[in-house]
Amino acid sequence: MRTAATMYMLTNISIGTIMVTSSNSWIMAWLGLELNSFAILPVISKTKHPRSIEATTKYFLTQSAASCLILFASTINAWQTGTWTITQMPDKLPSTLMLIALTMKMGTAPVHLWLPEVMQGSTLLTGLLISTWQKIAPMVLIFTTSNHSPSDIALIMGLLSTYLGGWGGMNQTHLRKVMAFSSIANMGWTMMTLTSEPKTSMMNIMLYLLLTTPTFLLLAQTSTKTLQDMTTMWTTSPTATIMLMLLLLSMAGLPPLTGFMPKLLILNELISQNLTPAAVATTMASLLSLIFYLRISYLTSLLTPPNSSTSTTKWRQNMNNLKMAQITPTAVMSTTTLPTLSP
């Protein structure tokens, strides 16, 4: 895809997200989501590979089904309340349908099966776009309607996402699928306190976007796609290897890194709401995600490959210092902003 066409599609993606975040009507929000979804389809299929075409088709079908459900739920709500206003959704049926539709757009369990396949068929930079920017618009709508969302359904979705994200990521060898299941697990943490403390959920998802961005950029810069590539990643850039290890541990939620604070606040909120069993279950589910995070960190920084490595292309790869300089500030923020988040 040529540069001008790519910029045109990225501009439409940005306009669609801005339309959703600034609208007060379900019609305008739906139009923004449609523009956002259709504009990214050429970006996913730009590699002209059967796997990317398959990923584009799966993404289109899933997003179309979610958009139909959004329009159906908003129509029912307008029929009952006489208004298309986003914040006016008092009935349980349309609010439940809307929650399911928006979580389908973001890839939250149990409507998450499309995300790993689409991420696997996309490039690393396109995967970055899907796992970060494409989540902003539906997430804003979820937080706008959080006071009407059914708390029990949100809690069940959160528990399912944390467990299925952890289980699904343990047996993966491709990093794009690992990052997809990591996104699913993190969306589970976000859903846990969606109705009781939406500000904490908002902070959790924003910090996850901050963590995911430098991770994908480092993987794309070093052309690392599988766990086998991680074993020789130190040959291209030792600094990037150490930073990637810290980013992975931060996404795992280990103190004193940035990713620890939102998980601590979510657990504290669950306990304060007398949901101690849910807090314990979520903590146990985080151990599943910790397994594959630690495995990747081990392969990245603690495993020395043999000197007779056959990955000759990795040894001859030239690193772009300008791009690495652009990644560094985001990576530093992703690992060292914990003191600024503490109360």
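Residues numbered from 1 in each chain as written. Predicted model: local features only at pLDDT ≥ 70, side-chain atom pairs only at ≥ 80, totals over all residues. Heavy atoms only, no water.

1. Some thoughts on the overall build of the protein
For clarity, the threshold we go by: Each helix is a run of DSSP H or I of at least 4 residues and each strand a run of E of at least 2, with the numbering of both proceeding from the N terminus. What makes two residues a contact is simply this: any of their non-hydrogen atoms within 4.5 Å. Note that accessible areas follow from Shrake-Rupley with a 1.4 Å probe, and for residues the cover is restricted to the protein chains shown.
A tally of regular secondary structure across the protein gives 17 helices and 0 strands. The long-range share in the protein, meaning contacts at least 24 apart out of those at least 6 apart in sequence, stands at 77%. Accessible surface for the protein amounts to roughly 14,900 Å². Of this, 67% is attributable to carbon and sulfur atoms.

2. Describing the pattern of salt bridges
The following threshold applies: Criterion for a salt bridge: a side-chain nitrogen of Lys or Arg within 4 Å of a carboxyl oxygen of Asp or Glu. Burial here depends on accessible area, computed with a 1.4 Å probe over protein chains only, as a share of the maximum for the residue type. Under 20% is buried, over 50% is exposed, and the range in between is partly exposed.
Under the definition given, this model contains 3 salt bridges. Linking E54 and K58 is a salt bridge whose minimum nitrogen-to-oxygen distance equals 2.9 Å. Linking E54 with K58, this pair stays in helix α3 (residues 50-81), spanning 4 residues, or about one helical turn. Here E54 falls in the partly exposed class, since its relative accessible area comes to 40%. By relative accessible area, K58 is classed as partly exposed at 27%. Here E117 ties to K58 by a salt bridge, and the two come within 3.8 Å at their closest N and O atoms. Of this pair, E117 sits in helix α5 (residues 114-120) while K58 sits in helix α3, and the two are 59 residues apart along the sequence.

3. Describing the UniProt feature "transmembrane region" (unreviewed entry) in the protein
Defined as follows: UniProt positions are given in the numbering used here, feature names are shortened, and annotations may be inferred rather than shown by experiment.
Look at the UniProt record and you will see "transmembrane region" (unreviewed entry) annotated at residues 26-44, 56-76, 96-115, 149-166, 202-220, 232-254 and 274-294. Across residues 202-220, helical content stands at 100% and strand content at 0%; the span's end C-alpha atoms are separated by 27 Å.

4. Digging into the packing of aromatic side chains
The line we're drawing: Here the aromatic set is Phe, Tyr and Trp, taking the six-membered ring for Trp, and pairing holds for ring centres within 6.5 Å; pairs whose planes are under 30 degrees apart are stacked, those over 60 apart are edge-to-face, and all others are tilted. Geometrically, a charge over a ring is one whose NZ (Lys) or CZ (Arg) sits within 6 Å of the ring centre while staying within 35 degrees of the ring normal.
Throughout the structure, instances matching the rule amount to 4 aromatic pairs. Relative to F60, the ring of F38 lies with its centre 5.9 Å away and its plane at 55°, an arrangement referred to as tilted. A residue pair is termed long-range when its members are at least 10 positions apart, and F38 in helix α2 (residues 26-44) and F60 in helix α3 qualify at 22 residues. One Lys or Arg, K263, reaches over the ring of W189 and ends 5.5 Å from the middle of that ring.

5. Here's the deal with the packing of helix α8 (residues 151-170) against helix α9 (residues 175-192)
Heads up, the rule is: The axes are straight lines fitted to the C-alpha atoms, using for helices just the contacting stretch, and the angles between their N-to-C directions are given from 0 to 180°. Any angle that is under 35 degrees is reported as roughly parallel, and any over 145 degrees as roughly antiparallel; angles of 65 to 115 degrees are reported as roughly perpendicular and all others as oblique. What makes a crossing left-handed is the near helix being turned counterclockwise from the far one by less than a right angle; a clockwise turn instead makes it right-handed. In this classification, the charged set is Asp, Glu, Lys and Arg, the nonpolar set is Ala, Val, Leu, Ile, Met, Phe, Trp, Tyr, Cys and Pro, and all remaining amino acids, among them Gly, are polar.
At their nearest, the axes of α8 and α9 sit 7 Å apart, and the two run at 155° to each other. Of the possible angle classes, the one that applies to α8 and α9 is roughly antiparallel. Both α8 and α9 take part in a crossing whose hand is left-handed. Across the interface between the two elements, A154, L155, M157, G158, L159, S161, T162, L164, G165, G166, G168 and G169 of α8 pack against V178, F181, I184, A185, G188, W189, M191 and M192 of α9. Partitioned by chemical class, the residues of the contact of α8 with α9 number 12 nonpolar, 8 polar and no charged.

6. Quick notes on the environment of A137
When you line up the elements, A137 lands in helix α7 (residues 133-144). Residue A137 is classed as buried on the basis of its relative accessible area, which comes to 1%. Along the primary structure A137 and L33 are separated by 104 residues, whereas in three dimensions their C-alpha atoms are 7.2 Å apart. The residues contacting A137, other than those within four sequence positions of it, are T17, V20 and L33.

7. Considerations on the environment of T232
Locating T232 in the fold gives a position in the loop between α11 (227-230) and α12 (238-252). Along the sequence, T232 and L299 sit 67 residues apart, while their C-alpha atoms lie 8.8 Å from each other.

8. As for unusual backbone geometry
One can expect most non-glycine residues to show negative phi and most peptide bonds to be in trans. Cis peptide bonds are those with omega within 30 degrees of zero, and the linkage from A109 to P110 qualifies with 5°. Within the secondary structure, P110 sits in the loop between α4 (92-106) and α5. Put simply, P255 and P256 share a cis peptide bond, and its omega is 5°. Within the secondary structure, P256 is located in the loop between α12 and α13 (260-272). Residue N274 is not a glycine yet carries a positive backbone phi of 60°. Mapped onto the secondary structure, N274 falls in the loop between α13 and α14 (276-302).

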